[in-house]
Amino acid sequence: MTGATTDRLIVVGAGPKAIAVAVKAFVLAGLGLRTPQVTVIEPNAVGGNWLESGGWTNGRHRLGTSPEKDAGFPYHSTAFGGRNAEINDRMRAFSWNAFLIDRGTYAEWIDRGRPSPQHHLWASYLGWIARKIDLDLVRGRVESVGVDDGRWAVRVIAADGRLADLAADRLMMTGPGSSERTLADHPRVLSVAEFWRLAARSELPSSSRAAVIGGGETAGSALDELLHHDVLTVSVISPNATIYTRGESYFENSLYSNPVKWRSLSLAERRDVVRRTDRGVFSVRVQETLLADERVAHLQGRVTRIVPEADGLALTLHNELRPDQTHAFDLVIDATGGDPLWFFEMFDQGATDLAELALGGPISQSRVESSIGYDLALENLEPPLYLPNLAGLAQGPGFPNLSSLGELSDRVLAPVSVGGVTQELRDPAHFPTTART
Ligand SMILES: Cc1cc2nc3c(=O)[nH]c(=O)nc-3n(C[C@H](O)[C@H](O)[C@H](O)COP(=O)(O)OP(=O)(O)OC[C@H]3O[C@@H](n4cnc5c(N)ncnc54)[C@H](O)[C@@H]3O)c2cc1C
């Protein structure tokens, strides 16, 4: 299990997942362990989606989860035999606490009661790690993905229009895709990115009846901001019967931090946990703000139609077992979040064919979600394609978010020894049982 390899892992997007994998690879290489060379491609800054320029936040809203769920959390590597303790120890140099100590603000943070950092500070933490490990960062936007001679062929376009073609043995996709999407093309229907642009300039149109479509973190942050502007009422529209608060008890959190039990749950049980704790839920802090504000109400339903009217927009809401209802608004924010399959749009025909062959049919969210292996890659696909954002259902609810970035990087980077021969981990059945404690 020693010696540097030349295999290259390209990560699309320099968010927390890319940084978690890159820093773990840095630590493994420092210990002389087998690890791919990690190259990260990012058009914005490191942690770009946590800054105003990324279009998902204004950077001043606060993290919903604890920052101690950082790039190394839960500091419990079990995949590297006798070297696990050293790895955990070296990873501590890149923790949230180490970042604060380095900035000289650790004592202040403790004394203030460990507040959740604003998103821009979280981005600074990620940037700090990137600098410490001298991250191999390519500035540009991935434009297309193909397969050439058994390797990923990734085309990157830089801000000045120059193109670069990179080859990789493995590829990892991160992030939610574009923040510019809207359900309807109308000046009073704002994408998340447009909402934050206008809010930053205090140019949000005043509204007597606003709607925020979506029940997750994106909607929560937008709503939190909207209430500071000129609105008389806000309806939060989501398909659920109510707005759930993120479950934060030990029992719920432990499933996120340590997904060992996850595979023993039925699919129905797993969906239930995700529904109650992650997808379509607001953080406790956002929920508290909303409860106290009598301008906010919840409307259940899936928006199926948006029709412009003389003085606004008519939204049709669909609910199973009930007739459709129409409600009028004068401002609509589409905060339904990203498209989990966004990156497949960049795949050329060859790469798409390969993915469909691995999936046994056309690309769909349910097919992809049920085909993610232990290593967080799509099963039956060579070269490997890691999709942690779609690994929640199959492998653990913490992989799509920030809840177990250390476990995520272990899964992606762990080698496996079968019969004394070191292989990449592709099948949990081959996982050496002695390696897990
Ligand atoms: C407002 C908001 C608040 C959230 N708060 C929390 C929270 O508190 N806790 C939590 O666990 N989760 C939270 N989430 C969910 C969060 O998105 C994920 O947990 C986490 O950011 C995902 O990390 P990531 O590395 O996959 O992607 P991101 O941090 O989203 O990074 C993706 C990167 O990809 C880049 N990119 C996009 N397109 C391309 C391209 N074509 N080529 C190259 N790069 C590209 C982007 O610029 C971006 O920097 C929040 C989400 C939102 C929208």
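How each quantity is defined
- Residues numbered from 1 in each chain as written.
- Predicted model: local features only at pLDDT ≥ 70, side-chain atom pairs only at ≥ 80, totals over all residues.
- Heavy atoms only, no water.
- Buried < 20%, exposed > 50% of the residue type's maximum accessible area, 1.4 Å probe, protein only.
- Helix = DSSP H or I, 4+ residues; strand = E, 2+ residues; numbered from the N terminus.
- Contact = heavy atoms within 4.5 Å.
- Pairing = 2+ DSSP bridges.
- Domains from an automatic or database assignment.
- Buried area = accessible area lost by both parts, 1.4 Å probe.
- Salt bridge = Lys/Arg side-chain N within 4 Å of Asp/Glu carboxyl O.
- Polar contact = N/O pair within 3.5 Å; in protein donor to acceptor, adjacent residues only side chain to side chain.
- Nonpolar A, V, L, I, M, F, W, Y, C, P; charged D, E, K, R; others polar.

**Student:** Before we move on, could you go through helix α8 (residues 250–257) and cite the residues and values that matter?
**Tutor:** Every α-helical turn comprises 3.6 residues, leaving residues that sit three or four positions apart pointing alike. Taken residue by residue, α8 has Leu-255, Tyr-256 and Ser-257 as its buried positions. Each element contacted by the buried residues of α8 is listed here: α9 (267–277).

**Student:** Outline the pairing of strand β14 (residues 302–309), listing residues and values.
**Tutor:** Taken together, the 7 bridges between β14 and strand β15 (residues 312–319) define a ladder with antiparallel strand orientation. Across the sheet, residue Arg-302 finds its bridge partner in β15, namely His-318. Where β14 folds back on β15, the antiparallel hairpin that results is connected by 2 residues.

**Student:** Before we move on, could you go through the domain arrangement of the protein chain and cite the residues and values that matter?
**Tutor:** By the assigned domains, the protein chain splits into domain 1 (8–178 + 339–435) and domain 2 (189–246 + 283–334). When each unit is reduced to the centre of its C-alpha atoms, the spacing between domain 1 and domain 2 is 32 Å. In this assembly, 11 residues from domain 1 lie in contact with 12 residues from domain 2. When domain 1 packs against domain 2, close to 890 Å² is buried across both sides, 56% of that on carbon and sulfur atoms. In this assembly, domain 1 and domain 2 are joined by 0 salt bridges. Across the contact surface, domain 1 and domain 2 share 5 residue pairs in polar contact (both at pLDDT 80 or more). Here the residues of the side of domain 1 that touches domain 2 are counted per class, giving 2 nonpolar, 7 polar and 2 charged.

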